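So you can see what is in the structure, the chains are spelled out below.
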Amino acid sequence: MKINIYSILKPSKDNFDSIIQDFLKMSSKYAKVEVHYIFNKNIAKAQTIGEKEAQQSYSETYDPLLRGFNIALDVLGKKVDTYAFSSLLEDKNEVNFFIGGAYGFQREFLQKCDNVISLSDLTMAHKVANVVLTEQIFRSLCIQNNHPYHK
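Residues numbered from 1 in each chain as written. Predicted model: local features only at pLDDT ≥ 70, side-chain atom pairs only at ≥ 80, totals over all residues. Heavy atoms only, no water.

The protein goes by Ribosomal RNA large subunit methyltransferase H in an unreviewed UniProt entry, where it is assigned to Arcobacter aquimarinus. Listed under Sequence similarities (unreviewed entry) in UniProt, the entry text for the protein is "Belongs to the RNA methyltransferase RlmH family." Turning to the protein, the UniProt record has this under Subunit (unreviewed entry): "Homodimer." (UniProt positions renumbered as here; feature names shortened; annotations may be inferred.)

(A) Fine view of the UniProt feature "binding site: S-adenosyl-L-methionine" (unreviewed entry) in the protein. According to UniProt, the "binding site: S-adenosyl-L-methionine" (unreviewed entry) feature falls on Leu73, Gly100, Leu119, Ser120, Asp121, Leu122, Thr123 and Met124. In this structure, leucine 73 sits in strand β3 (residues 69-79). Assessed through its relative accessible area of 12%, leucine 73 is described here as buried. Position of aspartate 121 among the secondary structure elements: in the loop between β5 (115-118) and α6 (126-144). Looking at aspartate 121, the relative accessible area reads 64%, which means it is exposed. Side-chain polar atoms of aspartate 121 contact the side chain of lysine 79, separated by 3.1 Å. (Helix = DSSP H or I, 4+ residues; strand = E, 2+ residues; numbered from the N terminus. Buried < 20%, exposed > 50% of the residue type's maximum accessible area, 1.4 Å probe, protein only. Polar contact = N/O pair within 3.5 Å; in protein donor to acceptor, adjacent residues only side chain to side chain.)

(B) Layout of helix α3 (residues 51-62). In this model α3 runs 17 Å from its N-terminal to its C-terminal C-alpha over 12 residues, within 8% of the 16 Å that 1.5 Å per residue would give. Taken together, the buried positions of α3 are Ala54, Gln55, Ser57, Tyr58, Ser59, Thr61 and Tyr62. Tucked into the core, α3 has its buried residues touching β1 (2-8), β2 (32-38), α2 (41-49), β4 (94-99) and α5 (107-112). (Expected span 1.5 Å × (residues − 1). Contact = heavy atoms within 4.5 Å.)

(C) The pattern of salt bridges, seen in detail. Enumeration over the complete set of coordinates arrives at 7 salt bridges. For lysine 2, the salt bridge goes to glutamate 34, with nearest N and O atoms at 2.8 Å. In this pair, lysine 2 sits in strand β1 while glutamate 34 sits in strand β2, placing the two residues 32 residues apart along the sequence. A salt bridge links aspartate 121 to lysine 79; its shortest N-O distance comes to 3.1 Å. Here lysine 79 lies in strand β3 and aspartate 121 lies in the loop between β5 and α6, a separation of 42 residues in the sequence. Since its relative accessible area comes to 45%, lysine 79 is described here as partly exposed. (Salt bridge = Lys/Arg side-chain N within 4 Å of Asp/Glu carboxyl O.)

(D) Spatial organisation of the sheet that holds β5. Pairing in this open sheet of 5 strands is parallel, and the strands run β2-β1-β4-β3-β5 from one edge to the other. Each end of this open sheet is capped by a strand with a single partner; those strands are β2 and β5. Sheet twist, expressed as the average angle between the axes of neighbouring strands with direction ignored, equals 30 degrees. With 6 bridges joining them, β1 and β4 adopt parallel strand pairing. Residue pairing for β4: tyrosine 6 is matched across the bridge by phenylalanine 98. (Pairing = 2+ DSSP bridges. Axes fitted to C-alpha atoms, helices over the stretch in contact; angles between N-to-C directions.)

(E) Representation of the nonpolar core within the structure. Ile3, Ile5, Val33, Ile71, Phe97, Leu133 and Ile137 are the most contacted members of the largest nonpolar core, which totals 21 residues. Within the residue set of this core, elements represented by two or more residues are β1, α1 (15-27), β2, β3, α4 (82-89), β4 and α6. Once residues within four sequence positions are removed from consideration, isoleucine 3 is found in contact with Ala31, Lys32, Val33, Glu34, Leu89, Val95, Phe97 and Ile137. In terms of nonpolar packing, the next biggest core, distinct from the first, is built from 14 residues, Ile43, Phe98, Phe105 and Phe109 among them. (Core = buried A, V, L, I, M, F, W, Y, C linked by side-chain atoms within 4.5 Å.)

Laid out in structure tokens, this is it:
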């Protein structure tokens, strides 16, 4: 199984990255999980113009990456518990998670995805959302492989 996490975020080396790398390493027994931070000139420019332009730039960046099973993380997405989250990964060859930029997603992009979920009712910084997501991916893989981590 291949799992990609795409996040509109400038890459950085900080403690969050270390935690994320730990979960990626632990997940590697069960799946190839990669985090891709994407921030380009088009996104930077669009974010200075406004919400609509920023959302459009996120869609333009992410549209070519829509393949396999696609899950967008959105504040208005469906709330799922760990077991429901785990079931989203079952029997899939490739799963792509998309974390929007500061202005969220266009509704049109969300409609192109196979599922739209919310990690929490809380608003999180992108780095925190990446940590939570990588931990939940690892936990889900453990559930599917009867590993005791989840208990």
